[in-house]
Amino acid sequence: MILDNFLRILFSYFLGSVSGSMLIGKLRGVDIRTMGSGNAGGTNAFRTQGFLFAFFVLVIDILKGFLSAYYVSGDFGGGDFIGILCGIGAVLGHVYPIYYNFKGGKGAGTLVGVLIGLYPFGLLFSFVVWVVVLIFSGYVGLSTILAGISFPIIIYVENFMGGLESPIGFFSILMALFLVFTHRSNIVRMFKGNENRFEKVMILRKLF
């Protein structure tokens, strides 16, 4: 059983290491790590290559998170530690991909896929937080951080699977802290006032 679970987690890491931006970039003949922010995630893909490119990148990144947490784990949304550990494996693979010198994205898209497999209802509320923060601030990084922080709050309020003392409750806190860590450069740029904004989505952009 221990070996079986270890292999599931390891496979999830290798699956997570498959980068959507690198795969789609290969088809187009571009490497977005040499463009924009240099990050291999969906936001940089959108800024440098446009909506369609970023859409397919996001689909791949979400899918690998979902497949790992739901199918590879064999947990099928049961909320056990194996599903969560496989999800973590996929996220770590995305952020530190073995195929690309351990330089990947920031993990948000893959985390979305993991949460679809673990707790899609809670993800819906976090998505609302993400949208609201984005249209008021224009900062994608800030929106992602606050959406991540909202997830353990939702689990606490809903007492899903036993609340924060459950495996998914523990994971939600770890996920929120990890998103803050992977977006630390965004935080620094926001404090310096040179973080990029999606001003077109800001409903109060004239005030900010």
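Residues numbered from 1 in each chain as written. Predicted model: local features only at pLDDT ≥ 70, side-chain atom pairs only at ≥ 80, totals over all residues. Heavy atoms only, no water.

(A) Quick look at a nonpolar patch on the surface. Taken together, the side chains of Leu146, Ile149, Ile153, Tyr156, Val157, Leu164, Ile173, Leu177 and Val180 define a hydrophobic patch exposed on the protein surface, amounting to about 810 Å² of accessible area. Mapped onto the nonpolar patch, the elements with two or more residues apiece are α8 (140-158) and α9 (167-182). For the nonpolar patch, the element with the most residues is α8, which contributes five residues. Along the chain, Ile173 turns up in helix α9. Taking relative accessible area as the criterion, Ile173 reaches 38% and is therefore assigned partly exposed. (Patch = residues over 30% accessible without salt bridge, like charges linked within 9 Å, V, L, I, M, F, W, Y side chains within 5 Å. Areas by Shrake-Rupley, 256 points an atom, 1.4 Å probe, with all protein chains shown as cover. Salt bridge = Lys/Arg side-chain N within 4 Å of Asp/Glu carboxyl O. Helix = DSSP H or I, 4+ residues; strand = E, 2+ residues; numbered from the N terminus. Buried < 20%, exposed > 50% of the residue type's maximum accessible area, 1.4 Å probe, protein only.)

(B) Representation of the packing of helix α7 (residues 120-137) against α8. Between α7 and α8, whose axes approach to 8 Å, the crossing angle comes to 145°. Classified by chirality, the crossing of α8 by α7 is right-handed. For the pair α7 and α8, the contacting residues are Phe121, Gly122, Leu123, Phe125, Ser126, Val129, Trp130, Val133, Leu134 and Ser137 in the first and Val140, Leu142, Ser143, Thr144, Leu146, Ala147, Ser150, Phe151, Ile154 and Glu158 in the second. (Axes fitted to C-alpha atoms, helices over the stretch in contact; angles between N-to-C directions. Left-handed = near helix turned anticlockwise from the far one by under 90°. Contact = heavy atoms within 4.5 Å.)

(C) Focus on α7. In this model, α7 (18 residues) spans 25 Å end to end at C-alpha, consistent with the 26 Å of a helix rising 1.5 Å per residue. A positive phi of about 85° marks Gly138, the residue just after α7. (Expected span 1.5 Å × (residues − 1).)

(D) Region of the structure containing the side chain of Lys106. Relative to the assigned elements, Lys106 resides in the loop between α5 (81-95) and α6 (108-118). One buried charged side chain, Lys106, makes no salt bridge at all; its nearest oppositely charged neighbour is Glu195, positioned 6.3 Å away. Engagement of the side chain of Lys106 in a polar contact is seen with the side chain of Asn186, the distance being 2.4 Å. For Lys106, the contacting residues outside a window of four places in its chain are Asn39, His94, Val95, Leu179, Thr182, His183, Ser185, Asn186 and Arg189. (Lys, Arg positive; Asp, Glu negative; His and termini not counted. Polar contact = N/O pair within 3.5 Å; in protein donor to acceptor, adjacent residues only side chain to side chain.)

(E) Focus on the side chain of Glu195. Topologically, Glu195 is positioned in the segment after α10 (184-192). Among the residues examined, Glu195 registers a relative accessible area of 11% and is labelled buried. Reaching out from Glu195, the side chain makes a polar contact with the side chain of Asn186 at a distance of 2.8 Å. A polar side-chain atom of Glu195 sits 2.7 Å from a polar atom in the side chain of Arg189. Each residue touching Glu195, except ones within four places of it in the same chain, is listed here: Tyr139, Asn186, Arg189 and Met190.

(F) Broad picture of the nonpolar core. Of all hydrophobic cores here, the largest spans 18 residues; its most connected members are Leu118, Phe171 and Met175. If you list the elements that add at least two residues to this core, you get α5, α6, α8 and α9. In terms of residues, this core owes the most to one element, α9, which gives five residues. Ile24, Ile32, Phe53 and Val57 belong to the second-largest nonpolar core, a separate cluster that totals six residues. (Core = buried A, V, L, I, M, F, W, Y, C linked by side-chain atoms within 4.5 Å.)

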